[in-house]
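# Residue-level structural notes
Each chain, letter by letter, is given below.
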Amino acid sequence: MVTASTLMETRSPAPNLRPTLPAAEAGRPAAPAAPAGQILIDIDHVDFFYGASQALHDINLKVEDKKVTAFIGPSGCGKSTLLRCLNRMNDLIDGTRVARGSIKIRGIDIHRRDVDVIELRKRVGMVFQKSNPFPKSIYENITYGLRLQGVSNKARLDEIVEKSLRGAALWDEVKDRLHASGLGLSGGQQQRLCIARAIAVEPEVILMDEPCSALDPIATAKVEELIHELKTRFTIVIVTHNMQQAARCSDKTAFFYMGRLIEYADTQTIFMNPGNPQTEAYVSGRFG
Amino acid sequence: MSTELSAGHVFQARVTLAQRWEQACFWLFRGATYLVLLCGAVVFLNIFVKGSRTVFQPTAPFINTAFFTESPESLHVFVWQGKKMEMGDREHRAFVAQHPEAAKIKTEDYVYSAGGIFPCIVGTVLLVVGSMTIALVLGVSAAVYLNEYARDGTFIRFVRLAILNLAGVPSIVFGLFGFGMFVLFFDWNVSLIAGWFTLAFMVLPVIITASEESLKAVPKGFREGSLALGATKWQTIRKNVLPYALPGILTSSILGIARVAGETAPIMFTAAYVVRDKLPWDVDKFSDFFFQGVMALPYHIYVVSSKIPQNEYTERVQYGTAFVFLLIVALIATTSIVLRNHLRNRYKW
Ligand SMILES: Nc1ncnc2c1ncn2[C@@H]1O[C@H](COP(=O)(O)OP(=O)(O)OP(=O)(O)O)[C@@H](O)[C@H]1O
Ligand SMILES: [Mg+2]
């Protein structure tokens with residue numbers, strides 16, 4: 001019950017992921033209640049299937065609150081799949097299912113029947129690999145999520161737009177053209193606009209799927225800086241193919257290979273002193 | 001030295017068989033294109049030249065306003081004091097009232113050859129607006145369901161096949177269907193509403209298919225981005241998919257408009273009257289509006305060309321009507337194109 005109340009106190013309106021009994025169902029022992037503020041997402045023995053083909057095998061991973069967790073691994077190893085499990089974006093694909101195990105956020109199993117996936121996605125925002133600003137003005141892009149929640153007070157919207165754009169280190173570049181199309185921005189600016197759009201709805205977690213893969217080094221550096229700043233307010237999970245990026249901006253790193261979690265530890269450990277020869281080979285660039 | 005010159009260089013032009021074929025094919029394709037152009041030009045010029053004799057006039061205001069604003073009338077032709085007179089019914093009555101002796105003069109009467117086609121214009125516009133509204137609401141809803149909600153399965157594949165087949169059904173069959181279903185079974189009689197539904201069903205396949213194409217063209221990222229912000233599926237569709245698909249849907253409805261306005265077969269049993277004195281808004285109570293038949297441009301052309309004896313005066317009505325018809329279709333199409341371009345400029349990606 002501690003877990004549920006922390007969830008309620010952080011966000012004022014509408015307690016979501018409803019504060020009922022933490023999952024002790026399905027014959028599985030409930031995960032030991034984590035100390036509040038420590039473990040936010042608890043991925044527990046998850047098997048995931050696309051139709052008949054299994055993409056994730058027995059994933060066990062705990063994401064810590066207000067930390068940056070990086071997912072690394074060769075292409076096709078299931079990083080995006082796991083990331084998209086966390087806000088149930090995989091629900092959109094026909095025939096997908098979590099066949100075994102559970103994913104808990106603040107102790108609440110996100111696949112429970114009484115979990116509203118809409119509320120979940122408000123709490124767990126996402127930034128996509130291919131930046132996808134909507135073909136609307138910058139202002140409308142940022143306010144999109146808020147308007148969905150029924151915020152229509154102009155002053156409040158203005159305030160959040162400024163705050164989010166500042167939060168995404170974009171304010172100075174776009175403050176004079178808030179009502180110009182978001183598509184008129186450069187690639188790096190577009191990606192930061194998407195980050196601003198995601199933080200405007202004040203999620204707890206931001207999932208980023210290779211947010212810099214289409215950006216040049218300068219734009220990448222800006223986004224990385226941004227990630228540093230954001231981690232004081234948000235828990236961030238980032239998928240990346242860029243080893244330096246993972247080393248630079250994450251606190252914990254998970255290495256995946258062929259749908260399995262090979263190693264999960266502090267970023268320092270993964271890069272300096274990996275416990276698994278496969279991890280060592282991958283981070284040193286010898287395969288992958 | 002000299003042998004080298006006469007043999008030419010490696011790139012020396014030679015007439016080969018392939019080049020002859022190239023030339024032949026080029027001219028064949030070019031010729032075909034010009035032939036098409038020529039046919040189109042002949043059709044349009046024919047209607048324009050003959051129609052403009054009716055629609056325009058040599059004296060101010062240069063446009064024959066009566067043709068646009070009056071109902072069809074019989075034409076009376078008679079000789080009056082050695083002069084040949086051509087008068088519409090109303091004009092003739094007034095004339096007789098003024099000159100009572102004219103009543104005894106024998107006149108030759110030609111039905112529908114005088115007056116104008118105002119009721120037909122009104123009827124066609126009403127038919128187009130009503131049926132396109134129905135078709136767009138039904139068609140876009142179905143397309144949204146098929147493209148955004150439905151999971152691909154046997155049933156959905158069957159639905160798509162049915163839609164595809166519906167597109168190939170001749171319009172006269174739709175007319176027959178509308179007659180059996182709306183006119184007889186629903187007991188709506190020959191009425192605007194029966195015509196609306198018949199025409200709507202006729203263009204539905206076009207609208208559904210094209211709407212689906214336009215929905216498919218909206219990048220998946222917009223949907224995912226919206227859903228990831230906590231939008232419901234319908235909020236996503238309404239705010240972040242449909243607005244961008246609208247230009248494409250409008251483009252398809254332009255083709256639909258031309259078909260709806262032009263088809264005669266579906267309305268001849270369901271909505272069109274040969275002649276009707278009252279205008280559509282001359283009704284006792286509001287509900288009667290939907291249950292009245294109307295005159296329509298294509299059906300008027302059909303009636304004037306096949307249901308009455310042909311004479312020197314009928315051509316005037318036929319081509320005048322055809323001309324006005326083309327004008328109206330062009331007008332509606334232009335409006336939709338302008339609207340579409342406006343929307344397209346607003347939402348570009
Ligand atoms: N929609 C899908 N349907 C079926 N299989 C899929 C689907 N998406 C991914 N997969 C499969 O699941 C496995 C994991 O894919 P995933 O996209 O998670 O890899 P990834 O680690 O993100 O790779 P990358 O680094 O290239 O993005 C792959 O084998 C892939 O082929
Ligand atoms: Mg991926």
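Details of the structure are given in the entry above.
What counts, and where the lines are drawn
Residues numbered from 1 in each chain as written. Chains lettered and ligands numbered in written order. Predicted model: local features only at pLDDT ≥ 70, side-chain atom pairs only at ≥ 80, totals over all residues. Heavy atoms only, no water. 1 Å grid on protein atoms, 1.4 Å probe; cavity = no way out; pocket = protein on both sides within 12 Å on 5 of 7 lines; lining within 4 Å. Points joined across faces, edges and corners; volume = space filled by probe spheres on them. Helix = DSSP H or I, 4+ residues; strand = E, 2+ residues; numbered from the N terminus. Nonpolar A, V, L, I, M, F, W, Y, C, P; charged D, E, K, R; others polar. Core = buried A, V, L, I, M, F, W, Y, C linked by side-chain atoms within 4.5 Å. Buried < 20%, exposed > 50% of the residue type's maximum accessible area, 1.4 Å probe, protein only. Contact = heavy atoms within 4.5 Å. Buried area = accessible area lost by both parts, 1.4 Å probe. Salt bridge = Lys/Arg side-chain N within 4 Å of Asp/Glu carboxyl O. Phe/Tyr/Trp six-rings, centres within 6.5 Å; stacked < 30°, edge-to-face > 60°.

### Considerations on empty space enclosed by the protein
In this structure the tally under the stated criterion is 2 cavities of 30 Å³ or more. Here the largest cavity is characterised by a volume of approximately 40 Å³. Considering the residues around the largest cavity, the lining is formed by A:M126, A:F128, A:N132, A:C194, A:R197, A:A198, B:G225, B:A228 and B:L229. If you list the elements that add at least two residues to the lining of the largest cavity, you get α7 (187-200) of chain A together with α9 (220-228) of chain B. A class-by-class count of the residues in the lining of the largest cavity yields 6 nonpolar, 2 polar and 1 charged. Considering only enclosed or pocket space, the second largest cavity measures out at about 30 Å³ in volume. Lining the second largest cavity are B:P119, B:R276, B:K278, B:P280, B:G293, B:V294 and B:M295. Residue composition of the lining of the second largest cavity, grouped by class: 4 nonpolar, 1 polar and 2 charged.

### Regarding the nonpolar core
Within the largest apolar cluster, 50 residues are counted, with the highest numbers of intra-cluster contacts made by B:L127 and B:I267. Looking at this core, the elements that each hand over two or more residues are α2 (17-55), α5 (118-149), α7 (171-185), α8 (192-217), α11 (242-262), α13 (297-306) and α14 (314-346) of chain B. Those residues within four positions of B:L127 in sequence are excluded, and the remaining contacts are B:L192, B:G195, B:W196, B:L199, B:V260, B:I267, B:A271, B:V294 and B:A296. Counting residues in hydrophobic clusters, the runner-up holds 46 residues, among them A:V174, A:L193, A:A196 and A:I238.

### Structural notes on unusual backbone geometry
Of note in this structure, A:R106 is not a glycine but carries a positive phi near 50 degrees. On the secondary structure map, A:R106 appears in the loop between β4 (96-105) and β5 (108-109). Even without being glycine, B:Q81 reaches a positive phi, approximately 50 degrees. If you trace the backbone, B:Q81 turns up in the loop between β1 (72-80) and β2 (83-88).

### Focus on the interface of chain A and chain B
Taken residue by residue, the interface counts 25 residues in chain A and 22 residues in chain B. Looking only at chain A, the three residues that lose the most surface to chain B are A:P135, A:Y144 and A:L148, adding up to 30% of its buried area. Joining chain A to chain B, the criterion identifies 2 salt bridges. With its nearest N and O atoms 3.4 Å apart, the salt bridge here joins A:D94 to B:R151.

### Considering the packing of aromatic side chains
To describe a pair of aromatic rings, one takes the distance between the centres and the angle between the planes. For the coordinates displayed, the defined rule picks out 29 aromatic pairs over all chains. Arranged with centres 5.2 Å apart and planes meeting at 85 degrees, the rings of A:F48 and A:Y50 form a pair that is edge-to-face. Accessibility expressed as a relative area gives 29% for A:Y50, which makes it partly exposed. The interplanar angle of 45 degrees and the centroid separation of 5.7 Å between the aromatic rings of B:F185 and B:F186 together place this pair among those described as tilted. The structure contains a cluster of three or more aromatic residues connected by ring pairs, namely B:F177, B:F182, B:F185, B:F186, B:W188, B:F197, B:F201 and B:F291.

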